[in-house]
Amino acid sequence: MAAWCSGDSSTKPIFVGIYGAVLGGFAVSALFFLLSSFSSLSAPPVPLPSAATTTTAVTANLSRSTPSQPETMYNRPIWKPPPRGSRMPSPRAFRLTRDMVAARARGGAIVVTFGNYAFLDFILTWVRHLTDLGVDNLLVGAMDTKLLRELYLRGVPAFDMGSRMATEDAGWGSPTFHKMGREKVLLINALLPFGYELLMCDTDMVWLKNPLPYLARYPDADLLTSSDQVIPTVTDDSLENWREVSGAFNIGIFHWRPTEPAKRLAKEWKDLVLSDDKLWDQNAFNDLIRKNFGNPVEGQGDLVYSYDGKLKLGVLPASIFCSGHTYFVQGMYKQLHLEPYAVHTTFQYAGTEGKRHRLREAMLFFDQPSYYDSAGGFLSFKPSIPKSLLLDGAHNVESHFALVNYQLKQIRTALAIASLLKRTLVMPPLWCRLDRMWFGHPGVMEGTLTRQPFLCPMDHVFEVHVMLKDLPKEEFGPPIDFREYSFLDNPSLPKEVKESLLEVQLCDDRSSRCSSINGTNKHRPLLLPRNSTEEKLLNIFSSYKSVKIIQFSSMVDAFGGFADAAVETKFRNRVKRYVGLWCCVELREIGHIYYDMYWDEKPGWKPHPPETREQDHPPWS
């Protein structure tokens, strides 16, 4: 029986479920599928396209079918669920085959991503963006049977990678992370012999514009790859000037043509990563590409010979095939007046939760309806930042921390009120003067288009993954849910939520205006005395529990403090862990500086890096 990745028997154990070479593995998966019958095939509501989108996509896809090509699970329109009352097909039906790819390919090209169940929402977002763009020549590789079943129920074309991987998230650098990387390489080797152009993508990226016409502009390229380049080498939508590219080639987005040089590269790459299970697949790819690199392709100066001196390589422009830095921090495409094709959530912090939050901030992530209608309602506020903190003076560590700390104090107050009222806090936009990197830098990397100050991603300051973590209530009090700063502008926010709004204005408790009767006119803002006590807040807002959004005009001096010292201690323990660090001062062994949620309670606090290893710890005590 032929191996899935021909020519190397060492790949058989990894993709055992693909061809059924090992009967024991198939027995387990077959039992799972045969027992998975269902009477109603309505998928869970996360996140499906709108009715209009579904109709358009289904109509467009159905128009491709002809009487000579009956509908099968391979060519069924995307988002169209299987027939009601049917059973899950056998595991054999989900094997990756040439026929499966042929049924989904368009114009000789196929777009592929893969993952495990932990990335279901990323995968559905990825598919949704492509189908909204009219791209349906896609396939998703499922690394576990739970994901495979969910995708099948939702009408997403999927195949079984036979990985039998756990359904949990694989942290960056972990053994599971490296295993996923190796399987990407094996998957490329499996697909290229089918003879189709392959656009391979990671699940933590989204498409903003149909990339296939752009890729077709370079028919002689064996390989077009994205990169971690943060300094533009071109100012239009042409390929990067490969002579000036210093960033690593990034394998989160790259396009392969089924040429002999590409197949040779894929084969050697596979052999290399299988020889060392600790080798990062991207590093191995870069090492191979750079082996014989630097001769321009005659008559096509935007392509360069690489790898074996015969493979023709092009580097996709980072301004429009964006990294997490060129999109979220620099906004390079805006400054160059270009239309972005894609954004990949690299150059970010807080792990997978940070990636998800970045896409939410950009309103590019599709969540389930419950995300937009919290049971307790929402709390938001309009941040107040003096011009001097935002714009005046030099951009340095001191002015950066002065700006961020001023915002932290307001957010701390908002978190306290949200906790008391049991509401979900809509975070404000966060302004920074300095960029964040994992190495020493001058504040903004030279040559980049980063403007100062800039709207920085929340993960530059906050530990998003910690904020979402289930911390013990005995020590940290109740959880405080939150949403991204763009949440109230998201088109997915229901009208009935957006229009259920109570505006709150702070006032001086001794003024006659503040003592005026509230609630007489629902169109007028509610007046709230500054430094209101916990009791006063609970008393006033108990009448507005049905209101979905309470919006404060300011959080400066909005809360006078907790009544119960034990409650306050738990709150402090929690929010102290919500902030991370800024990195890094140049030419320092310890160059990072911790943010401190209670910086204002420490006279003489200065943004200095730790002097010794003993001092190098978060300010939690």
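Just above sits the structure.
Cut-off values and rules
Residues numbered from 1 in each chain as written. Predicted model: local features only at pLDDT ≥ 70, side-chain atom pairs only at ≥ 80, totals over all residues. Heavy atoms only, no water. Helix = DSSP H or I, 4+ residues; strand = E, 2+ residues; numbered from the N terminus. Buried < 20%, exposed > 50% of the residue type's maximum accessible area, 1.4 Å probe, protein only. Contact = heavy atoms within 4.5 Å. Areas by Shrake-Rupley, 256 points an atom, 1.4 Å probe, with all protein chains shown as cover. Pairing = 2+ DSSP bridges. Axes fitted to C-alpha atoms, helices over the stretch in contact; angles between N-to-C directions. Parallel < 35°, antiparallel > 145°, perpendicular 65-115°, else oblique. Left-handed = near helix turned anticlockwise from the far one by under 90°. Nonpolar A, V, L, I, M, F, W, Y, C, P; charged D, E, K, R; others polar. Expected span 1.5 Å × (residues − 1). Core = buried A, V, L, I, M, F, W, Y, C linked by side-chain atoms within 4.5 Å. Salt bridge = Lys/Arg side-chain N within 4 Å of Asp/Glu carboxyl O. Disulfide = S-S within 2.5 Å.

A. A look at the overall build of the protein. What the protein contains, in helices and strands, is 20 helices and 22 strands. Counting across all 621 residues of the protein, residues that qualify as buried make up 55%. Look at the contacts in the protein between residues 6 or more apart in sequence, and 71% of them connect residues 24 or more apart. Total accessible area on the protein stands at roughly 26,500 Å², and carbon and sulfur atoms take up 53% of it.

B. Just the pairing of strand S6 (residues 223-227), in detail. Most of S6 sits inside the fold, with five of its five residues counted as buried. Two elements, S6 and strand S7 (residues 249-256), share five bridges in a ladder whose sense is antiparallel. Across the sheet, residue serine 227 finds its bridge partner in S7, namely phenylalanine 249. Across three bridges, S6 lies against strand S10 (residues 311-315) in parallel orientation. Looking at the pairing, leucine 223 lines up with leucine 313 of S10.

C. Here's a closer look at unusual backbone geometry. Glutamine 452 connects to proline 453 through a cis peptide bond whose omega is -10°. Looking at where proline 453 falls in the secondary structure, it is placed in the loop between strand S15 (431-432) and strand S16 (454-455). Cis geometry marks the peptide bond from cysteine 583 to cysteine 584; its omega dihedral reads -5°. Along the polypeptide, cysteine 584 turns up in the loop between strand S21 (581-582) and strand S22 (593-594). With a phi angle near 60°, aspartate 557 is a residue other than glycine that sits in the positive phi range. Considering the arrangement of structural elements, one finds aspartate 557 in the loop between strand S20 (549-552) and helix H20 (565-576). Given the relative accessible area of 41%, aspartate 557 is considered partly exposed.

D. Local environment of the sheet that holds S20. Taken together, six strands build an open sheet; the order of strands is S17-S14-S13-S20-S18-S19 and the sheet is parallel. Of all strands in the sheet, those with a lone pairing partner are strand S17 (482-483) and strand S19 (526-529), marking the two edges. For strand S18 (residues 501-507) and S19, the ladder comprises four bridges, and the chain directions are parallel. From the neighbouring strand, leucine 506 faces S19, where its bridge partner is leucine 528. Contacting strand S13 (378-381), strand S14 (424-426) and S20, helix H15 (residues 397-421) crosses the sheet at an angle of about 155° to S13.

E. Focus on the packing of H15 against helix H19 (residues 534-541). Where H15 contacts H19, the axes come no closer than 10 Å and their chain directions differ by 55°. The angle between H15 and H19 places the two elements in the oblique class. Considering how the two elements wind past one another, H15 and H19 form a crossing that is right-handed. Packed against H15, whose contacting residues are Ile417, Leu420 and Leu421, the element H19 presents Glu534, Leu537, Leu538 and Phe541 at the interface. In the contact of H15 with H19, the residues fall into six nonpolar, no polar and one charged.

F. Spatial organisation of H20. An ideal rise of 1.5 Å per residue puts 16 Å on 12 residues; H20 measures up with 16 Å between its terminal C-alpha atoms. Every buried residue of H20 is listed here: Phe571, Arg572, Arg574, Val575 and Lys576. In this structure, the buried side of H20 is in contact with H15 and helix H17 (473-476).

G. Geometry of the sheet that holds strand S5 (residues 205-207). On the basis of which strands lie adjacent, the open sheet formed by three strands has the order S5-S12-S11 and mixed pairing. Two strands close off the open sheet at either side, each with one partner strand: S5 and strand S11 (321-322). Two strands pair when backbone bridges link them, and S5 and strand S12 (residues 342-344) are joined in this way by three bridges, in the antiparallel orientation. Its bridge partner lying in S12, methionine 205 is registered against histidine 344.

H. Expanded view of helix H6 (residues 145-154). With nine of 10 residues buried, H6 is to be regarded as a mostly interior element. For H6, the full list of buried residues reads Thr145, Leu147, Leu148, Arg149, Glu150, Leu151, Tyr152, Leu153 and Arg154. Once H6 finishes, glycine 155 follows within two positions and takes phi at roughly 80°, a positive value.

I. Just the nonpolar core, in detail. Residues Phe462, Phe541 and Phe552 are the most contacted members of the largest nonpolar core, which totals 55 residues. When contributions to this core are tallied by element, the ones reaching two or more residues are S13, H15, helix H16 (464-467), S18, S19, H19, S20 and H20. Tallying contributions element by element places H15 first for this core, with 12 residues. With near-sequence residues (within four places) excluded, phenylalanine 541 lies in contact with Leu421, Leu502, Val504, Leu526, Leu528, Ile550 and Phe552. One finds Leu215, Leu316, Met332 and Tyr333 within the second-largest nonpolar core, a separate group that totals 54 residues.

J. Here's a closer look at the pattern of salt bridges. Taken as a whole and judged by the stated rule, the model has 31 salt bridges. Across the pair arginine 104 and aspartate 136 runs a salt bridge whose closest N-O atoms are separated by 3.7 Å. Linking arginine 104 in helix H4 (residues 98-104) with aspartate 136 in the loop between helix H5 (120-132) and strand S2 (138-142), this pair joins segments that are 32 residues apart in sequence. What makes aspartate 136 buried here is its relative accessible area of 4%. The partner of lysine 209 in a salt bridge is glutamate 339, and the shortest N-O contact between them spans 3.2 Å. Here glutamate 339 lies in the loop between helix H12 (332-335) and S12 and lysine 209 lies in the loop between S5 and helix H8 (212-215), a separation of 130 residues in the sequence.

K. Spotlight on the state of the cysteines. Under the definition given, this model contains three disulfides. Between cysteine 507 and cysteine 514 runs a disulfide, and the two sulfur atoms are separated by 1.9 Å. Since a negative S-S torsion denotes a left-handed disulfide, the cysteine 507-cysteine 514 link at about 55° is right-handed. Here cysteine 583 is linked by a disulfide to cysteine 584, with a sulfur-sulfur distance of 1.4 Å. Judged by the torsion about the S-S bond (-50°), the cysteine 583/cysteine 584 disulfide is left-handed. The exposure classification of cysteine 583 matches that of cysteine 584, with both residues buried. What links to what in the protein: the bonded cysteines, counted in sequence order, pair as 1-2, 3-4, 5-6.

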